[in-house]
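# Observations on the model geometry
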Amino acid sequence: MSGTPHAGLAAKTALIAGATGATAKRLVEVLLDAGWRVVGISRRAPAASNNPRLKHLRADLLDAAGCARALAAADGVTHLFYTARAAFGEGGVESIEDNVAMLRNVLDAADAAAPRLEHVHLVEGQKWYDVHVRPARTPTREDDPRPRQANFYYDQEDLLRERQAKRDWSWSASRPHMVYDFAPGRSRNVVSVIGAWAALCAELGTPLDFPGTPGCFSALMEFTDATQLARAMLWMATSEQAKNQAYNLTDSCQFRWRWLWPRIAAHFSLQVGKVRPLRLAQWMHDKEPAWQRIVKRHGLAQDALRDAASWPFADFLWGLDSDLPTDTTRIRRHGFHGVVDTTEQILAHLRRYREARLLP
Ligand SMILES: NC(=O)c1ccc[n+]([C@@H]2O[C@H](COP(=O)([O-])OP(=O)(O)OC[C@H]3O[C@@H](n4cnc5c(N)ncnc54)[C@H](OP(=O)(O)O)[C@@H]3O)[C@@H](O)[C@H]2O)c1
């Protein structure tokens, strides 16, 4: 497919800061498939791998000295992918101070430990356009004026631009929206939230109601499949056109929940219900027994309901009340043409959850 990784980059070594996160998991796979060596860094270790081209370093990126010590063991790094994010509460504002300090510590450490560095890629997001606090001007475009609300992305990108001006490497940034995936063990995921909600509707004998707002049910959305993002990150990090550019990056496919809902209902053999706005984080408080019945009946390899789906995240997801189309003209014009059918991909991921006995 066009937009897939370049061949012939076998000599490259990626350092992925935030290697255990939602956006990094598929990046590791895509880079290894393309023949790269990959060094991940985070506080927790990822699942063990016997791939000799994959290595993991443990460090707290808020600790400048510890970060520098860890990176000293990262040999031959040519590309840095920064996908870390400091801990945050759903719907809250991410810490600018912590997120900028973490990026700065990695860049400082790379100055000493990565003399062959060619490129730094930063993952940002559609929150760049304030979509989480008010209806954004849509479709969102990369050169829209920055909203007034403070956001760690602005400070991170400013730091990156400032550093790059004095270095030999180039930078790029991606702005995905709602990264979704088949992601066992990750409760903050569109797919597992849909699946756990549908399973509870079936268990409680209700049709598949939409638990978000009426506005959200009808709004135009664009999401980003994690593998689409990973392929685009590789393209950005290796393409001449992408040097020192920021790109919106979605599936390049628009959908509305009200179109998707009948397909989800059919997957779970449910009737389509009505729009029934709920505060799910609250509503789920007494639903653990129902979930345990589901686990038993379907023989799921999943324990507590909170491990299956993050309900504060679901409230954020289904509270997005206005159209959120993203203009992806720039990345397509510059040469990345990956397209994902979001509806089909969400259903494909749901089938993988079913096969893995993580959801009914
Ligand atoms: N997920 C989405 O739907 C989405 C959508 C749009 C944009 N984005 C953006 O993409 C970027 C990455 O987000 P994500 O969702 O992939 O993040 P995530 O799943 O929350 O993962 C964060 C990563 O950062 C690491 N980390 C956090 N604090 C650390 C520290 N002090 N030291 C070392 N490592 C640390 C975590 O590992 P440890 O905890 O093991 O240290 C983890 O690997 C963020 O800028 C986010 O805003 C995400």
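Below: a short report on this structure. Here the structure is a predicted model, which is why all the values come from computation and not from measurement.

## Some remarks on the environment of Leu-358
- With respect to the helices and strands, the residue Leu-358 is situated in the segment after helix H14 (342–355).
- Using a relative accessible area of 11% as the deciding quantity, one classes Leu-358 as buried.
- The sequence separation of Leu-358 and Glu-118 amounts to 240 residues, and the corresponding C-alpha distance is 41 Å.
- With residues up to four places along the chain from it excluded, the contact list for Leu-358 reads Phe-182, Pro-184, Leu-300, Ala-301, Gln-302 and Tyr-353.

## Topic: the packing of aromatic side chains
- Going through the model one piece at a time under the given rule, you end up with 17 aromatic pairs.
- Between Phe-182 and Tyr-353, the ring centres sit 5.0 Å apart and the planes meet at 75 degrees, which makes this aromatic pair edge-to-face. Note that Phe-182 is positioned in the loop between strand E7 (179–180) and helix H5 (190–204) and Tyr-353 in helix H14, a separation of 171 residues in sequence. Tyr-353 shares its class with Phe-182; the two are buried.
- Plain terms: the ring middles of Phe-210 and Trp-318 are 5.9 Å apart, the flat faces sit at 65 degrees to each other, and that makes the pair edge-to-face. With Phe-210 in strand E8 (residues 208–210) and Trp-318 in the loop between helix H12 (311–317) and helix H13 (329–334), this residue pair connects regions lying 108 residues apart in the sequence.
- The buried category is assigned to Phe-210, whose relative accessible area is 0%.
- Of the aromatic side chains, those joined through ring pairs into one cluster are Phe-210, Phe-217, Phe-223, Phe-255, Trp-257, Trp-261 and Trp-318.
- The ring of Trp-128 carries the charged tip of Arg-175 above its face, separated from the ring centre by 3.6 Å.

## Let's talk about helix H10 (residues 288–298)
- Among the residues of H10, Ala-290, Trp-291, Ile-294 and Val-295 are the ones counted as buried. Projected down its long axis, H10 carries its buried residues within an arc of 145 degrees, all on one side. Exposed side chains of H10 directed beyond 90 degrees from the buried face belong to Lys-296 and Arg-297.
- The secondary structure elements touched by the buried residues of H10 are H5 and helix H11 (305–308).
- Directly beyond the C-terminal end of H10, a positive phi value near 60 degrees is found at Gly-299.

## Some words on the site of the ligand
- Thr-20, Arg-43, Arg-44, Leu-61 and Tyr-153 are the nearest of the 26 residues found near the ligand.
- Arg-85 has a polar side-chain atom sitting 3.0 Å from an oxygen atom of the ligand.
- Tyr-153 places a polar side-chain atom, nitrogen or oxygen, 2.6 Å from an oxygen atom of the ligand.
- A class-by-class count of the residues in the shell around the ligand yields 12 nonpolar, 7 polar and 7 charged.

## A look at the pattern of salt bridges
- Under the defined criterion, the tally for this structure stands at 22 salt bridges.
- Where Glu-29 meets Arg-26, a salt bridge forms, and the shortest distance between an N and an O atom there is 2.9 Å. Of this pair, Glu-29 and Arg-26 both sit in helix H1 (residues 25–33), separated by 3 residues, roughly a single helical turn.
- For the salt bridge of Asp-130 with Arg-134, the shortest nitrogen-to-oxygen distance reads 2.3 Å.
- Judged by relative accessible area, which is 1%, Asp-130 ranks as buried.
- The network of salt bridges with common partners includes Asp-108, Asp-111, Arg-163 and Arg-167.

Each value, and the rule that gives it
Residues numbered from 1 in each chain as written. Predicted model: local features only at pLDDT ≥ 70, side-chain atom pairs only at ≥ 80, totals over all residues. Heavy atoms only, no water. Helix = DSSP H or I, 4+ residues; strand = E, 2+ residues; numbered from the N terminus. Buried < 20%, exposed > 50% of the residue type's maximum accessible area, 1.4 Å probe, protein only. Contact = heavy atoms within 4.5 Å. Phe/Tyr/Trp six-rings, centres within 6.5 Å; stacked < 30°, edge-to-face > 60°. Lys NZ or Arg CZ within 6 Å of the ring centre and 35° of its normal. Arc of directions from axis to C-beta. Near = heavy atom within 4 Å. Polar contact = N/O pair within 3.5 Å; in protein donor to acceptor, adjacent residues only side chain to side chain. Nonpolar A, V, L, I, M, F, W, Y, C, P; charged D, E, K, R; others polar. Salt bridge = Lys/Arg side-chain N within 4 Å of Asp/Glu carboxyl O.

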